[in-house]
Amino acid sequence: MSSPRTVRAAAVQIAPDLERPAGTLERVLAAVDEAAAQGAQLVVFPETFVPYYPYFSFVLPPVLQGAPHLRLMEHAVVVPGPVTQAVAERAHARGIVVVLGVNERDHGSLYNTQLVFDADGALILKRRKITPTYHERMVWGQGDGAGLKVVDSAVGRIGALACWEHYNPLARYALMTQHEEIHCAQFPGSMVGQIFADQMAVTIRHHALESGCFVVNATGWLTDAQIASITPDPGLQKALRGGCHTAIVSPEGKDLCTPLTEGEGIVYADLDMALIAKRKRMMDSVGHYARPELLSLLINDRPATTSMPMPATPAIPAVTAALRSSAHEHHDPRPRTDLVAGEPPADDRAAVLRVEAG
């Protein structure tokens, strides 16, 4: 039996600096210092906190989003780059695991990206939100399955999802199958109203129960002045309030601290890792409570790519014949039922080449 282990976790609810995006990074580093001074070994920040969540996209029509979208691109985070270097150095200096949400710029595209820095400063996970939600699709590109990973860290096995990814049960199950111990959830906060916070509370508690893990959830915050700077319309300003629920939940679905729903602050909790085994002894969703012969998950965990080299292969008679036959065969839209498992359909030329070439 391993000795009892406790992890002190912190979840941060603060406002970004909308006027000076570099100021948001300064706020991150200061919060890391504050959490570490309180003995935290893990600190979690809100969704796309650096430089700021694109709140403008929720209240502006597409025709008016050009300027703020370009400004966000200008200040977005390149990974790796100066921002990740600064956070890595601070994580190392304080010996704390940092989970940070950023707007990542990859050439001409932006992504909702979650970064996990280990206590030695190493960037051990970079993942992109697989499907931006509603208005967010005007801002971010889609992520891929390569980021649906649980990573070993100084505090245990960490998994992460952003916002409404928690409403995708297969995405959550992908992390469950990798036996996450601490799930880091991130939401934008200051949006939609109280119903968003209420739904969030249910969602993170359910994942804790179903996964048998701890959930550390961080949401952002906007001041009244910041809301007014995003839109002068009083009616639309109402859409930028509420929706804050920064909290830490046990594998038994219990709040380990009083959730923070208004204003800025950091919440803390000591995670008794023995509670994971206590929960999973009765209900292990990917173990004794699973029925893989009935229900299982198929994951494409390859990174998305827009191009790939065609390998040079010698002429193979079987391949040539298959391609020639396919080119002249009348296309039948009905599903193929005569294929052997693992054999590509005849009209998938690249697949034929891969199979024949070994």
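All of the points below concern the structure found in this document.

### Focus on the overall build of the protein
Okay, step 1: In terms of helices and strands, the protein carries 11 helices and 11 strands.
Okay, step 2: When the 358 residues of the protein are sorted by exposure, 48% land in the buried category.
Okay, step 3: When contacts within the protein are restricted to residue pairs at least 6 apart in sequence, long-range pairs at least 24 apart make up 71% of them.
Okay, step 4: Entry remark: accessible area of the protein is about 17800 Å², with carbon and sulfur atoms responsible for 57%.

### Considering the packing of aromatic side chains
Okay, step 1: The tally for this structure, following the rule as stated, stands at 5 aromatic pairs.
Okay, step 2: Seen in terms of ring centroids, phenylalanine 45 and phenylalanine 49 are 6.4 Å apart; in terms of plane orientation they differ by 25 degrees. Their pairing is stacked. Exposure class is identical for phenylalanine 45 and phenylalanine 49. Each is buried.
Okay, step 3: Geometrically, the ring pair formed by tryptophan 164 and tyrosine 167 is tilted, given 5.3 Å between the ring centres and 50 degrees between the ring planes.

### A word on the sheet that holds strand β3 (residues 97-106)
Okay, step 1: An order of β5-β4-β3-β2-β1-β11 is seen for the 6 strands of this open sheet, with the pairing classed as mixed. The open sheet terminates on both sides in strands that have one partner only, identified here as β5 (123-128) and β11 (265-272). In this sheet, adjacent strand axes meet at a mean angle of 25 degrees when their direction is disregarded.

### Concerning the sheet that holds strand β8 (residues 182-187)
Okay, step 1: Reading across the sheet, the 5 strands line up as β6-β7-β8-β9-β10 and stay open at both edges, with mixed pairing between neighbours. The sheet is open, and its two edges are formed by β6 (151-153) and β10 (247-249), each paired on a single side. Across the sheet, the axes of successive neighbouring strands diverge by a mean angle of 25 degrees, strand direction being ignored.
Okay, step 2: Direction of pairing for strand β7 (residues 156-162) relative to β8: parallel, over a ladder of 5 bridges. Counterpart to alanine 160 in the pairing with β8 is cysteine 184.
Okay, step 3: On the sheet, helix α5 (residues 169-176) packs against β7 and β8 and is oriented at approximately 170 degrees with respect to β7.
Okay, step 4: Taken strand by strand, helix α6 (residues 194-211) contacts β8, β9 (214-219) and β10, and its axis lies near 155 degrees from that of β9.

Conventions used here
- Residues numbered from 1 in each chain as written.
- Predicted model: local features only at pLDDT ≥ 70, side-chain atom pairs only at ≥ 80, totals over all residues.
- Heavy atoms only, no water.
- Helix = DSSP H or I, 4+ residues; strand = E, 2+ residues; numbered from the N terminus.
- Buried < 20%, exposed > 50% of the residue type's maximum accessible area, 1.4 Å probe, protein only.
- Contact = heavy atoms within 4.5 Å.
- Areas by Shrake-Rupley, 256 points an atom, 1.4 Å probe, with all protein chains shown as cover.
- Phe/Tyr/Trp six-rings, centres within 6.5 Å; stacked < 30°, edge-to-face > 60°.
- Pairing = 2+ DSSP bridges.
- Axes fitted to C-alpha atoms, helices over the stretch in contact; angles between N-to-C directions.

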